[in-house]
Amino acid sequence: MSAAPPEIRVNTEMAAPQQAGSGDPAAKSAEPSEVRKYLLSRGNSAFGDRAFHVLMVLCSLTIFGIVALIVWQLVLRSQMSWHAFGLKFFFQRFTDPDTHRSSFWDPIGQQFSALPFIFGTLVSSFLALLLAVPLAVGTAVFLTEMCPKILRGPLAFLTELLAAIPSVIYGLWAVFILIPQLREHVNPFLISKFGWSGLFDDTNPTGLGFVASGIILAIMILPIISSLTREVMTAVPHSQREAVLALGATRWEMIRMGVLRNARIGIVGAVILGLGRALGETMAVTMVIGNSAEIHKSLLSNGASMASVIANEFAEAVGDMHLSALIEIGLALFLVTIVVNALARVLVWAVTGGAPRQAH
Amino acid sequence: MGVGIEVQNLNAWYGSNHTLQDICLNISANQATALIGPSGCGKSTFVRCINRMHETNPIARVTGTVRIGDVDIYKDAKPVEIRRRVGMVFQRPNPFPTMSIYDNVAAGLKLNGYSNRRALDEIVEKSLRNSALWDEVKDDLRKKSGASLSGGQQQRLCIARALAVDPEVLLMDEPASALDPVSTSKIEDLIFQLKAQYTIVIVTHNMQQAARVAEQTGFFLNGRMVEFDTTHKIFTNPSDKRTEDYITGRFG
Amino acid sequence: MRSDLFPIRSRARKLTDYAVTSLAVLATLLVVAPLVGIFGYLVYKGASSLSLDFFLKGPKPVGESGGGMANAIAGSALVLGVASLIGIPLGIGGGIFLAEFGRGTKLATAVRFTADVLNGVPSIVMGLSIYALIVLPQKHFSAFAGGVALGIMMIPTVCRTSEEMLLMVPNAIREAALGIGVPNWRSVLSITLKTASPGIITGCMLAFARVAGETAPLLFTALGNSFWSTNLNEPIAALPLQIYVYALSPYDDWHRLAWAGALVLIILIVLAVSLVRFVTSRGVLKGAS
């Protein structure tokens, strides 16, 4: 602080300020310019601003409107089934008085239970997570921590594309490529090697079923889990990585201790979000699950999910009770996915901070 | 024509941060008034209170009185009306990137619904001449975008844009801090010419600049105005010890 | 001392490191494989079936070869038109609220959160709700109902991408507009929105492409139609619906049409996704600051 004070050159000609209003008196009394008169006539636009603000708020409120609309309509239209079966709708099983065979879903006999569809949804989603999570996390680790920079962009882009392919196209691909492969090669292998477990039996020769829907669901939820995991992992501050590396850790130890440990809440969120997608996925599952309202131990047997039974039967439902039961399944599916998604969002936002970052 | 500004007991907050405390000051018409002080002292907040720009931040709050001419801007008018009378030039040049040079200058009028093409042409030319940019851009007024100009040109474009609505006051928030020395001296020359017609308030952290362009200077420190006097007095014989410390480079 | 132990442990650590690295590479390959597989097969199957007839002709009766999906393409266009009219303005409006008015407010956080959650609601549930709201009271399926179902699905996506794009516009630009006395509403529409428009347009295209492939919400709203129709009040064909029906049919000719339809959809989607990526990565919007 011993620097010489800066040399300040004061402009002395104007050092004595003129008093306000002592300027050219002619100019002072001049009429306001045309522009000024125009702008003065424009008002303060308080009304316009107010109205615009309100309009934009209304637009954003439609988001809540949609949720309200869904709940209102689904609750209203599922009343009939709700009154007939109550909570038992979700876990009962009927016995046919004549044949003494148990059944769950009998549109002709007006007996409905959502149990096989809940079972099918859970089994196929669980299979999907089992297959997808290790792959998705592995991909995310590779892309954020190991991948050469040149490959990172294109690979991230490819996974993004995977997320944008419509469900019906996955279904189309599964029907013509995946199912024949399963039928010819994978299923016989599973039966011969793991048939003893009872999870794989050879009663269903079509190749359709839970395994098929689990695989196609896994492919479909991979991108969302992997891209969110990537987002969460990049949100971990660099200092965390450097701190671990500075202790002499290998790269894997750095990833495990510095990155995954800090990002784990967000990764769980990403997995749950993938689960939410899997639960509600409709078209591809409908095309490969086999659509039968039964519960079998074998993963190779036909089944149905909550979404697939709606897609499959709704347009040809045979009566009001049938429709009402399908809508009740839809309502249940909605509530479950809302809860699952909300939970996942909270977890992901906890790590990444929620709102997009703002530019200045 | 410029008008005077009268500020009484102006207080401003950002959230719980009391950034301006009891500012009282009279700014004379048709002069340049410089505001100096270390960064974070409140001088930028002060000019942003004069055109009610401060309140665009939802956590900001203002109390006190500011009169421009005979209008109490926080009582008698809406922000839009004030901002049409008080032009502002920001620290970093901020031309509208999607608009041509012409449209940038005409924006204040066009976006307020003014559509007289012949008058607009005249105003754009006059504003660009007044901001000493006309000769450099007259050939591609409509061809080039405002963002394609150099930094110094962009800043003069922003001045032209502010002049086009024929304001009475021109606020300049460190207008040359992001520019090279040549552009800076052009801007300073411009301020010299403009103060014949407008009341100019210029915030600067460059004391030489204040000394060169302004008749009056105010020194801000920690949200308070320490001293306000003629530039000559501030730089040669300040009455407050803190002002003296600052201008002799002992801190800040 | 333990100094001789150290290299062994260190070798073990190195080995783990290699193992994990190769596992990660393997995982990435496994993820990319189906994509390449699906794309390759789609192009291979689709391109050989794609012809001018596909775009110009309607379906032929079973047994006759040839025919196209002209009615489904027109139907999709009509349904998507209705959807865009509903989804784009409301979505952009919501995005404007989030970016320009709601910063830091509780309402904005709630809207943002609900939009994200709504994004995860199964599309078939949207279809059910619109069925209950429009089809049941009207007692007939209609193109209009299909459009509404897809339209409300677009809102959350458009809303969130618009917000993101608007936030990329530097604050200095907003201040410049307000500083010359432009009313706020005018500044938002003519300055901020216009500056962000490349991003917002591509965001809308992305939302459009996403719902263009949606099948489930159309199953019991637009229903499908094997004939040419442009009546909003009647059932109408749509490309994804037709792919679904044709894929599950036993006819080779229809399978070919399904592949061609899938290729057309995929091209639309790849274009939209690439555009979005281009716009956001090139920082077209950032050039200003």
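Here's a quick rundown of the structure.

Thresholds, definitions, all that
Residues numbered from 1 in each chain as written. Chains lettered and ligands numbered in written order. Predicted model: local features only at pLDDT ≥ 70, side-chain atom pairs only at ≥ 80, totals over all residues. Heavy atoms only, no water. Helix = DSSP H or I, 4+ residues; strand = E, 2+ residues; numbered from the N terminus. Buried < 20%, exposed > 50% of the residue type's maximum accessible area, 1.4 Å probe, protein only. Contact = heavy atoms within 4.5 Å. Areas by Shrake-Rupley, 256 points an atom, 1.4 Å probe, with all protein chains shown as cover. Lys, Arg positive; Asp, Glu negative; His and termini not counted. Charge placed at Lys NZ, Arg CZ, Asp CG, Glu CD. Buried area = accessible area lost by both parts, 1.4 Å probe. Salt bridge = Lys/Arg side-chain N within 4 Å of Asp/Glu carboxyl O. Polar contact = N/O pair within 3.5 Å; in protein donor to acceptor, adjacent residues only side chain to side chain. Nonpolar A, V, L, I, M, F, W, Y, C, P; charged D, E, K, R; others polar. Pairing = 2+ DSSP bridges. Axes fitted to C-alpha atoms, helices over the stretch in contact; angles between N-to-C directions.

## Some words on the overall build of chain B
Okay, so step 1: When helices and strands are counted, chain B shows ten helices and ten strands.
Okay, so step 2: When the backbone C-alpha atoms are referred to their principal axes, chain B occupies close to 55 × 40 × 30 Å.
Okay, so step 3: Within chain B, buried positions represent 62% of all 252 residues.
Okay, so step 4: Once local pairs closer than 6 in sequence are excluded, the contacts in chain B between residues at least 24 apart make up 67%.
Okay, so step 5: Counting only carbon and sulfur atoms, one obtains 44% of the accessible surface of chain B, whose full area is about 9400 Å².
Okay, so step 6: For chain B, the distance from the average site of its 30 positive side-chain charges to the average site of its 28 negative ones is 4 Å.

## Structural notes on the interface of chain A and chain C
Okay, so step 1: Tallying the contact residues gives 86 residues for chain A and 91 residues for chain C.
Okay, so step 2: For the pair chain A and chain C, the summed buried area comes to about 7800 Å², and 80% of that belongs to carbon and sulfur atoms.
Okay, so step 3: Contact with chain C buries area across many residues of chain A, yet A:Phe52, A:Ile63 and A:Trp349 alone supply 8% of it, more than any other trio.
Okay, so step 4: Connecting chain A to chain C are two salt bridges.
Okay, so step 5: C:Arg13 is the salt-bridge partner of A:Glu253, the closest N and O atoms lying 2.8 Å from each other.

## As for the interface of chain C and chain B
Okay, so step 1: Taken together, the contact between chain C and chain B spans 18 residues of the former and 25 residues of the latter.
Okay, so step 2: Across the chain C/chain B interface, buried area totals approximately 1800 Å², and carbon plus sulfur atoms make up 66% of it.
Okay, so step 3: Across the contact surface, chain C and chain B share one salt bridge.
Okay, so step 4: Note that C:Glu175 and B:Arg48 form a salt bridge whose closest N and O atoms lie 2.6 Å from each other.
Okay, so step 5: Our enumeration of links across chain C and chain B arrives at five residue pairs in polar contact (both at pLDDT 80 or more).
Okay, so step 6: Secondary-structure elements contributing two or more residues to the side of chain C that touches chain B are helix 7 (171-179) and helix 8 (184-212) of chain C.
Okay, so step 7: In terms of residue count, the dominant contributor to the side of chain C that touches chain B is helix 7 of chain C (seven residues).
Okay, so step 8: When grouped by side-chain class, the residues that make up the side of chain C that touches chain B number ten nonpolar, four polar and four charged.

## Regarding the sheet that holds strand 7 (residues 169-173) of chain B
Residues and elements named next belong to chain B.
Okay, so step 1: Across the sheet, six strands lie side by side as 6-7-8-3-9-10; this open sheet has mixed pairing. This sheet does not close on itself; its edge strands, each paired only once, are strand 6 (86-89) and strand 10 (224-230). Averaged over all pairs of adjacent strands, the angle between strand axes in this sheet comes to 15°, irrespective of strand direction.
Okay, so step 2: Here strand 9 (residues 216-221) runs beside strand 10; their pairing, made up of six bridges, is antiparallel. Opposite Thr217, over in strand 10, you have Asp229 as the bridge partner.
Okay, so step 3: Most of the contacts of helix 7 (residues 181-194) go to strand 8 (residues 199-203), to which it runs at about 150°, and overall it touches strand 3 (32-36), strand 7 and strand 8.

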